[in-house]
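Topology and contacts: notes
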Amino acid sequence: MRAFYQLDYDALPRDVKKQLARSVRSPDYLVHADAMSNRSWYLRHAALMAACIFFIFLAASSSFGDPVNDLAWDNTGLIVWYAILFFGVVYAGHEIWQRMQLSTKFRFAPGCYLFPLALVDIRSNKIAVHDLAQLRKLDATHHESNGRYQRTIFSFNFNDGTRKDLVINNQNLAEATLGKFNIYKTKAKDAFHNRDLASLYGFDPLLDVRRNKWREAHGAASLGKRFINLMTQFKVPLLVLAIFIAALFWYGRNAAADKKMYLNAKHLQTEAAYLGYLAHGKFKITEMQAELPRVVFNEVQKKNSVTMLRQLKLRFPQSDILPDVAEEIHVLYDSSMQKFREQAVNSDTALIRSMEQLLKFAEEHDDPNVAVNFIRPTDSDLSQLDAVLKLKEKQIRGKQIIPAAKYFANNSAAVRETRIIQGIRSAFSSIFPNDVLSFNASPVAPDNAPRLQITYQIEPSGEIFGSEKHDNAFVGMLVRFKAALIVPETKDRWKFDLEVTPPDTFKVEYQTSSRDPVKQAPEGQVYAVMAERAFDKLALKINAAFFRPDSAVYMKQLKNQ
């Protein structure tokens, strides 16, 4: 005979259901009840539901409505996470609802119930019944760990080789259950011999089913119903429902976040907020694209940066903000020119006019660069210089004039010119931001570019300098500078000339080694000192030509000389 039955509770006759309820509630028939604790069970499932809802809240509220950080519609992978969490919610809710339905239906707590003739596991609509009439052997084993009692396992071994375990976690209860089981089993045998049907039905409430009188209670079903039962057993409908809810929730959450991102971007009025919405939003894309240029312009306007304003012209070439951008650039140029007027040499109207033309050109061409171009003496000019010095040698006796050309060639001139350019940049950067006006070295400046052109020539001054202890002589050098501020498309040029003559006497500082028998200054250093003196005067002249002596820029440059 079969030792195990699986029955459908709903298919049981009403009398069998009533008998089952009476037996469960009667201590005269029931050996042990391993009923589910409603309180702990409900707490566990409620905790699972609450935890899942909490994590759903965390995931949904993370960066919610933040135009920059909320990925919203782009984060489709979040649907999977929502589906897992909603499955936890649906599963826990379904289990709680099912438990409440079972408790109402059974009229007793679902659980595993031990009778002398049957072990009935009724925790769902599917009832598992083990026929203890087919019991071959019962083992009751106490389990300990480190000398401490843990649990007792009742192992029911049946004739067909199957086994069913019942766990009791209280030693005294386990021993009492074993004793009670043996006593009730004896009573059941007596009832069987005495044909006491009332007692037999009490000890085995599903006796009629076990005797195969109620075949329909076995829950035989068609292939389709078995498939549905299998799907239900593995919670597939709950999973499908969770996926559906997750997709709806994802859409609803993103729709709400989209609106908040839109409102936040409108409130913040920043480029980052608008770009964030354009990257992650959906419903207001066209409106935000139309408003973006104006928002970026308003933000850039506060930074007083001509460079950033110029970038707007390239970034939004078709936008209606272009006139406002041009006006703002003009305001910044006009402000810089006003600062220059406050410190410039007011009496030099040509200077003011040339600077106005220079700024106008830079503004119109979106190019702040002004080349500083030095035009040096050519190699031919320097060769003629040495030839003239050689002729001078005949006018003096006993001394040799040192040639000067190589000490004014390109390699040595570049360092002095760089220092002049640095001084010009330092002075003008105090007034003009680099994106308004920027002076830079340019050996070859194109004709269509504004430039400060400085031409200089070197020729003997006629004076002869010699050492008190040596026969070498040096001819004083006269340096003539011609500077002009050239602005393309204009005829007027601001100019100034400067002539630097050597002093009557000057000192040359140098170092020699104790092993060096020559106790005189190196040839190049003497001419280098002459050149340095000339360019120092040029630096002072340029400073004085542009700025008043009492201006902050002039004083700063004078201090740095």
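These numbers come from a predicted model, not from an experiment.

1. Thoughts on the overall build of the protein chain
For the protein chain, the count of helices and strands is 17 helices and 14 strands. Each of the 561 residues in the protein chain was classed as buried or not, and the buried ones make up 41%. When contacts within the protein chain are restricted to residue pairs at least 6 apart in sequence, long-range pairs at least 24 apart make up 66% of them. Accessible surface, the protein chain as shown: approximately 31000 Å² in total, 54% of it carbon and sulfur.

2. Observations regarding the packing of helix α10 (residues 285-301) against helix α11 (residues 306-315)
At a closest axis distance of 10 Å, the pairing of α10 and α11 adopts a crossing angle of 170°. Between α10 and α11, the angle is such that the two are roughly antiparallel. In contact with Leu292, Val296, Phe297 and Val300 of α10, α11 contributes Met308, Leu309, Leu312 and Arg315. Of the residues that constitute the contact of α10 with α11, the class distribution is 7 nonpolar, no polar and 1 charged.

3. Observations regarding the packing of helix α9 (residues 271-280) against α10
Contact geometry for α9 and α10: axes closest at 9 Å, N-to-C directions at 160°. In terms of orientation, α9 and α10 fall into the roughly antiparallel class. For the pair α9 and α10, the sense of crossing is left-handed. Contacts from Glu271, Tyr274, Leu275, Tyr277 and Leu278 of α9 reach α10 at Ile285, Met288, Gln289, Glu291, Leu292, Val295, Val296 and Glu299. Residue classes in the contact of α9 with α10 are distributed as 9 nonpolar, 1 polar and 3 charged.

4. Side note on the sheet that holds strand β5 (residues 126-131)
Spatial strand order, β1-β5-β4-β3-β2: 5 strands in an open sheet with antiparallel pairing. Where the open sheet ends on each side, the last strands, each with one partner, are β1 (4-8) and β2 (32-35). When the angles between neighbouring strand axes are averaged without regard to direction, this sheet yields 15°. As paired elements, strand β4 (residues 118-122) and β5 share 4 bridges and run antiparallel to each other. Paired with Asp121 across the strands is Ala128, a residue of β5.

What counts, and where the lines are drawn
- Residues numbered from 1 in each chain as written.
- Predicted model: local features only at pLDDT ≥ 70, side-chain atom pairs only at ≥ 80, totals over all residues.
- Heavy atoms only, no water.
- Helix = DSSP H or I, 4+ residues; strand = E, 2+ residues; numbered from the N terminus.
- Buried < 20%, exposed > 50% of the residue type's maximum accessible area, 1.4 Å probe, protein only.
- Contact = heavy atoms within 4.5 Å.
- Areas by Shrake-Rupley, 256 points an atom, 1.4 Å probe, with all protein chains shown as cover.
- Axes fitted to C-alpha atoms, helices over the stretch in contact; angles between N-to-C directions.
- Parallel < 35°, antiparallel > 145°, perpendicular 65-115°, else oblique.
- Nonpolar A, V, L, I, M, F, W, Y, C, P; charged D, E, K, R; others polar.
- Left-handed = near helix turned anticlockwise from the far one by under 90°.
- Pairing = 2+ DSSP bridges.

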